[in-house]
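One-letter residues, chain by chain:
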Amino acid sequence: MLPKGHKFPLGKYDCIHANLEREFPGRMQLGGRASEEDVRLVHDRAYVEAVKDGALAEAAVRRLGFPWSDMLVTRAIRSVGGTLTALAWAMEHGASGHIAGGTHHAFADRGEGFCVFNDIAVAVQVARRDHLASGHSRVAIIDLDVHQGNGTAAIFASDPSVFTLSLHGARNYPFHKEESSLDVGLPDGCEDATYLAALDDALEHVAAHKPEVLFYQAGVDSLRGDRLGRMALSHDGLRARDARVFALAKRLAVPLVVTLGGGYHRDVDQSISAHTNVYRGLVGAFG
Ligand SMILES: [Zn+2]
């Protein structure tokens, strides 16, 4: 459990699940657990052990933004596991989504901003180990959460075969930005037209990388009214954003793995409906 009034909207997960279960009965599947071996493809042994043992330093816990608990560890491992399950499904059927994950602020040796382990980074390495031709197979990560995917950028900074794209609020958290393959910093108050034009341009860089699999961090904290977002996208704008990513995966004919990311609207139902739209759009695009 989290302290009362904690900024992390734990309740939204169940609501998104309930919405999708109602609309697409029988299409939801419980994610598996990630093995420690999987997590260690990205994260340092010392960090993984400190998380598991509850031995993180006080400053590290503060950066994370969550109090440590057994539940936190279980949740962090399951969150990676769900993205791995989505990956396996996408490799077989073309596209899949995980209604958690997108924990892009986790670095190899530390977590921050509500992110313990970097599920997408682990899934990239598992994809290359289990599903693609080699450890150098080309992969792209499209990170459209309003906050820069700093952990993901740092993890793959010296690996040119992984293209990391981050569209984010230039003046928003994290205030020290890492270097992604392509960073697009957008202004506070950014609206649909500006956002979508920047995205169209950025996605062509992703296409030019010729990825064999695409990961999509589909955070909805760029929605107007989000407490941590500072942008002003509409629900239609977010749907148009998602449609562009889905169209790119189709055009490139590569598997697509979608993860949840952030959403902290003052009215939590707004975030829930924006997140639900992402997966609704996914089913609409891929059947
Ligand atoms: Zn975010």
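Residues numbered from 1 in each chain as written. Predicted model: local features only at pLDDT ≥ 70, side-chain atom pairs only at ≥ 80, totals over all residues. Heavy atoms only, no water.

1. Examining the coordination of the zinc ion
(1) Moving on: Distances from the zinc ion to its protein donors, Asp145 (OD), His147 (ND1) and Asp221 (OD), fall within 1.9 to 2.1 Å.
(2) Moving on: Written as a sequence motif, the donor arrangement for the zinc ion is D-x1-H-x73-D. Within this pair, whereas Asp145 is found in the loop between β2 (139–143) and α7 (150–155), its partner Asp221 is found in the loop between β5 (213–217) and α9 (235–252), the two being separated by 76 residues in sequence. Each of the two residues, Asp145 as well as Asp221, counts as buried. (Donors = N, O, S within 2.8 Å, 3.2 Å for Na, K, Ca; no water. Helix = DSSP H or I, 4+ residues; strand = E, 2+ residues; numbered from the N terminus. Buried < 20%, exposed > 50% of the residue type's maximum accessible area, 1.4 Å probe, protein only.)

2. A look at the nonpolar core
(1) Moving on: Grouped together as the largest cluster of nonpolar side chains are 87 residues, with contacts concentrated most on Phe117, Ile142, Leu165, Leu167, Tyr195, Phe215 and Leu256.
(2) Moving on: At nine residues, helix α5 (residues 70–93) tops the list of elements feeding residues into this core.
(3) Moving on: Contact partners of Tyr195, with chain neighbours within four places excluded, come to Leu144, Leu167, Leu186, Cys190, Met231, Leu233 and Arg241. (Core = buried A, V, L, I, M, F, W, Y, C linked by side-chain atoms within 4.5 Å. Contact = heavy atoms within 4.5 Å.)

3. A word on the packing of helix α1 (residues 12–23) against helix α10 (residues 268–286)
(1) Moving on: The geometry of α1 relative to α10 is characterised by a closest axis approach of 9 Å and an angle of 45° between their N-to-C directions. In terms of orientation, α1 and α10 fall into the oblique class. Like other packed secondary-structure pairs, α1 and α10 cross with a definite hand, here right-handed. Contacts between α1 and α10 pair Lys12, Cys15, Ile16, Asn19, Leu20 and Glu23 from the former with Val268, Ile272, His275, Thr276, Tyr279 and Arg280 from the latter.
(2) Moving on: Residue classes in the contact of α1 with α10 are distributed as six nonpolar, three polar and three charged. (Axes fitted to C-alpha atoms, helices over the stretch in contact; angles between N-to-C directions. Parallel < 35°, antiparallel > 145°, perpendicular 65-115°, else oblique. Left-handed = near helix turned anticlockwise from the far one by under 90°. Nonpolar A, V, L, I, M, F, W, Y, C, P; charged D, E, K, R; others polar.)

Structural measurements only, silent on function.
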